[in-house]
Amino acid sequence: MDQNMQSIFIHALKRELVPALGCTEPIAIAYAAATAREVLGEFPTHLNIRCSGNIIKNVQGVTVPNSKGLRGIGVAAVLGVVGGNPARELEVLEEITDADIAKTKELIAQGYVDCSLQEDVENLYIVASVFSERHRAEVTIVNRHTLVTKIVYDDEVRFECQPVEAGKYEDTWDCWTIRNILDFADGVELEAVRQVISSQIEKNTAIAAEGLSERYGAMVGKTILEAYGNDLHTRARAKAAAGSDARMGGCSLPVVINSGSGNQGITVSLPVIEYAEELCVSEEKLYRALVVSNLVSIYQKHFIGSLSAFCGAVTAACGCGAAITYLCGGSYEQICMTIVNTAANVGGVVCDGAKASCAAKISSAVEAAITGHQMSMRGRTFHAGEGFVQRDIEETIKCLGHIGRVGMKKTDAEILKIMLGQIPV
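What you see is a predicted model; the values in this text were computed from it and never measured.

Notes on the overall build of the protein
Okay, step 1: Along the backbone of the protein there are 16 helices and eight strands.
Okay, step 2: With the C-alpha coordinates of the protein rotated into their principal frame, the extents come out at 70 × 50 × 45 Å.
Okay, step 3: Nonlocal contacts in the protein, meaning residues at least 24 apart in sequence, comprise 74% of its contacts between residues at least 6 apart.
Okay, step 4: Here the protein displays about 17,000 Å² of accessible surface, and carbon together with sulfur accounts for 48% of that area.
Okay, step 5: A distance of 4 Å separates the average location of the 38 positive side-chain charges in the protein from that of its 50 negative side-chain charges.

See below:
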């Protein structure tokens, strides 16, 4: 494979597969607030958070990690100021103490933080402003959860960049194809990706075990095992759901994310790991399959964007389905069929925020991926002209992205209105 193309895929994996503590939207708020405090250089007397509707949607119903069950934008922001370590990025709240939680409750009761919706901005948009008696600092994050695009101290702009400047490969998406991803997965020297893939296996397996052993959220993973038995199909769904149960329920264990999402990181990895163990494949084969799963998901998510009304578990499940077919010796054509079969099945699942039911959506998406895989191994697929399915896999992926990015914009706005109580019922 062309060396430049290899570099692009390796860079994508290293950039997108990073550890995160809890749901990435409250963590991004905490990171912005902690960074703003660092810029201010003293403990703020007041804090203001402005963020996009999609951020609000994904923070409102989820437990802030290491907060002992607390929820909300204000909690995430104040915890970031009180005890956050911005050097840890998406693990910014890793070092939170009981004293930090007590201080956070006290400050929130005193009206320390103001939170508001910022309209007509990117879907992932956060501004954290902190104030002391004489100074103020402001940090803006756009498009990626730790992508600081502007830093202001008093009236001085200390740093500013366009969001696209942070990633070096935004103009290289033309070389992303399913065939190129498979060629890369077959030929890459594993040492180039071993660290990120091994971290994903270790951390995501651990949080799935935690979700199955303890009581988190609605216990979707536990329910699946109790109701449907312990076969491979059921375990693949249950472990992915259990990882989300724990993550959405405030578990303090980190997850290796994909495309900015821990739930997507869980979905692309855990079913593939489960299939690899059942099939007794080599470690090398598992690593190469996870390369397929992660890159297929990243590729699809690019056309949708960071946040939307399109459930990211769907694109992640397309990735894990492709990887399962890869593990089973499927051809290029069969892997493409699996992606199409999965997307055509659950392509309409909406994202109505991060919360306990994400685990159930992951289970449904993995179920669709496994069905899609079984169909493809028998040479069965959905055909061009059936809904958004096109003759070419790349065009199908682009059409799916168009639905998520453009077609579901209005849906996204209406979901937010419902969550904010703006729709009479």
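From this point, things continue past the structure.
Considerations on empty space enclosed by the protein
Over the atoms a probe the size of a water molecule is rolled, and this reveals where empty space is left.
Okay, step 1: All told, the structure shown has one cavity of 30 Å³ or more when counted by the stated rule.
Okay, step 2: Each pocket or cavity is described by its volume, and for the largest cavity that value is around 330 Å³.
Okay, step 3: In terms of lining residues, the largest cavity is bounded by 30 residues, among which Asn58, Ser261, Gln264, Gly312 and Cys351 are the most central.
Okay, step 4: Residue assignment for the lining of the largest cavity shows that the elements contributing at least two residues are α2 (24-40), α9 (232-248), α10 (262-279), α12 (312-327) and α14 (358-377).
Okay, step 5: The residue inventory of the lining of the largest cavity, partitioned by class, reads 11 nonpolar, 13 polar and six charged.

With respect to the state of the cysteines
Okay, step 1: A full pass over the atoms with the stated rule returns zero disulfides.
Okay, step 2: Cys23 provides the cysteine sulfur closest to Cys251, a residue in no disulfide bond, and the two sulfurs are 13 Å apart.

Some points on the packing of helix α1 (residues 3-16) against helix α6 (residues 178-187)
Okay, step 1: Orientation of α1 relative to α6, taken along the N-to-C sense of each, is 85°, at an axis distance of 11 Å. Here α6 runs roughly perpendicular to α1, going by the angle between their axes. Across the interface between the two elements, Met5, Gln6, Phe9, Ile10 and Leu13 of α1 pack against Asn180, Ile181 and Phe184 of α6.
Okay, step 2: Of the residues that constitute the contact of α1 with α6, the class distribution is six nonpolar, two polar and no charged.

Some remarks on the layout of surface pockets
Okay, step 1: Taken as a whole, the second largest pocket holds about 220 Å³ of empty space.
Okay, step 2: For the lining of the second largest pocket, the secondary structure elements donating two or more residues are α13 (332-346) and α15 (393-407).
Okay, step 3: Element by element, the count of residues in the lining of the second largest pocket is highest for α13, at four residues.
Okay, step 4: Of the residues assigned to the lining of the second largest pocket, the class counts are eight nonpolar, four polar and two charged.

Re the nonpolar core
Okay, step 1: Trp176, Ile178, Phe184, Val193, Ile197 and Leu295 are the most contacted members of the largest nonpolar core, which totals 81 residues.
Okay, step 2: At 12 residues, the largest contribution of residues to this core is made by helix α11 (residues 283-304).
Okay, step 3: Not counting the four nearest positions on each side in its chain, Ile178 is found in contact with Val296, Tyr299, Tyr332, Ile335, Cys336, Ile339, Ile393, Glu394 and Ile397.
Okay, step 4: Of all hydrophobic cores here, the second largest spans 50 residues; its members include Tyr31, Ala32, Leu79 and Val82.

Here's the deal with the packing of α1 against α11
Okay, step 1: Packing of α1 against α11 brings their axes to within 11 Å, and their N-to-C directions diverge by 85°. Taken together, the axes of α1 and α11 lie roughly perpendicular to each other. Here α1 contributes Phe9, Ala12, Leu13 and Glu16 to the contact with α11, which in turn contributes Val291, Asn294, Leu295 and Ile298.
Okay, step 2: Of the residues that constitute the contact of α1 with α11, the class distribution is six nonpolar, one polar and one charged.

A word on the confidence of the model for the protein
Okay, step 1: Taken as a whole, the protein shows an average pLDDT of 93; of its residues, 97% reach a score of 70 or greater.
Okay, step 2: Contacts of residues 165-171 to residues separated by more than four positions or lying in other chains number 15 contacts, the stretch itself having pLDDT below 50.

A few points about α10
Okay, step 1: With 18 residues, α10 should cover 26 Å at 1.5 Å per step; its first-to-last C-alpha distance of 26 Å lies within 8% of that length.
Okay, step 2: Burial analysis of α10 places 15 of its 18 residues in the buried class, the great majority of the element.
Okay, step 3: Capping of α10 at its N-terminal end is provided by Ser261; its side-chain oxygen lies 3.3 Å from the backbone amide nitrogen of Asn263.
Okay, step 4: After α10 finishes, the residue Cys280 shows a positive phi value of roughly 55°.

Quick notes on the packing of aromatic side chains
Each aromatic ring pair is summarised here by two numbers: the centre-to-centre distance and the angle between the ring planes.
Okay, step 1: Counting across every chain of the model gives five aromatic pairs.
Okay, step 2: When the centroid spacing of 4.9 Å and the interplanar angle of 80° are considered together, the rings of Phe9 and Trp176 count as edge-to-face. Taken as a pair, Phe9 in helix α1 and Trp176 in the loop between β7 (156-160) and α6 lie far apart in primary sequence, 167 residues in all.
Okay, step 3: In this structure Phe9 comes out as buried when scored by relative accessible area, which is 0%.

Concerning the environment of Phe303
Okay, step 1: Tracing the backbone through its elements, the reader meets Phe303 in helix α11.
Okay, step 2: Its relative accessible area of 16% is what places Phe303 among the buried residues.
Okay, step 3: The sequence separation of Phe303 and Ile397 amounts to 94 residues, and the corresponding C-alpha distance is 7.9 Å.
Okay, step 4: Filtering out sequence-adjacent residues up to four positions away, Phe303 remains in contact with Ile397, Lys398, Gly401 and Arg405.

As for helix α7 (residues 194-213)
Since the α-helix advances by 3.6 residues per turn, residues separated by three or four positions end up pointing in the same direction.
Okay, step 1: Relative to the 28 Å expected for 20 residues at 1.5 Å per residue, α7 spans 28 Å between its end C-alpha atoms, a close match to the ideal helical length.
Okay, step 2: Next to the buried residues of α7 lie α1, α8 (220-228), α9, β8 (254-256), α10 and α11.

What counts, and at which threshold
- Residues numbered from 1 in each chain as written.
- Predicted model: local features only at pLDDT ≥ 70, side-chain atom pairs only at ≥ 80, totals over all residues.
- Heavy atoms only, no water.
- Helix = DSSP H or I, 4+ residues; strand = E, 2+ residues; numbered from the N terminus.
- Contact = heavy atoms within 4.5 Å.
- Areas by Shrake-Rupley, 256 points an atom, 1.4 Å probe, with all protein chains shown as cover.
- Lys, Arg positive; Asp, Glu negative; His and termini not counted.
- Charge placed at Lys NZ, Arg CZ, Asp CG, Glu CD.
- 1 Å grid on protein atoms, 1.4 Å probe; cavity = no way out; pocket = protein on both sides within 12 Å on 5 of 7 lines; lining within 4 Å.
- Points joined across faces, edges and corners; volume = space filled by probe spheres on them.
- Nonpolar A, V, L, I, M, F, W, Y, C, P; charged D, E, K, R; others polar.
- Disulfide = S-S within 2.5 Å.
- Axes fitted to C-alpha atoms, helices over the stretch in contact; angles between N-to-C directions.
- Parallel < 35°, antiparallel > 145°, perpendicular 65-115°, else oblique.
- Core = buried A, V, L, I, M, F, W, Y, C linked by side-chain atoms within 4.5 Å.
- Buried < 20%, exposed > 50% of the residue type's maximum accessible area, 1.4 Å probe, protein only.
- pLDDT = per-residue confidence, 0-100.
- Expected span 1.5 Å × (residues − 1).
- Polar contact = N/O pair within 3.5 Å; in protein donor to acceptor, adjacent residues only side chain to side chain.
- Phe/Tyr/Trp six-rings, centres within 6.5 Å; stacked < 30°, edge-to-face > 60°.

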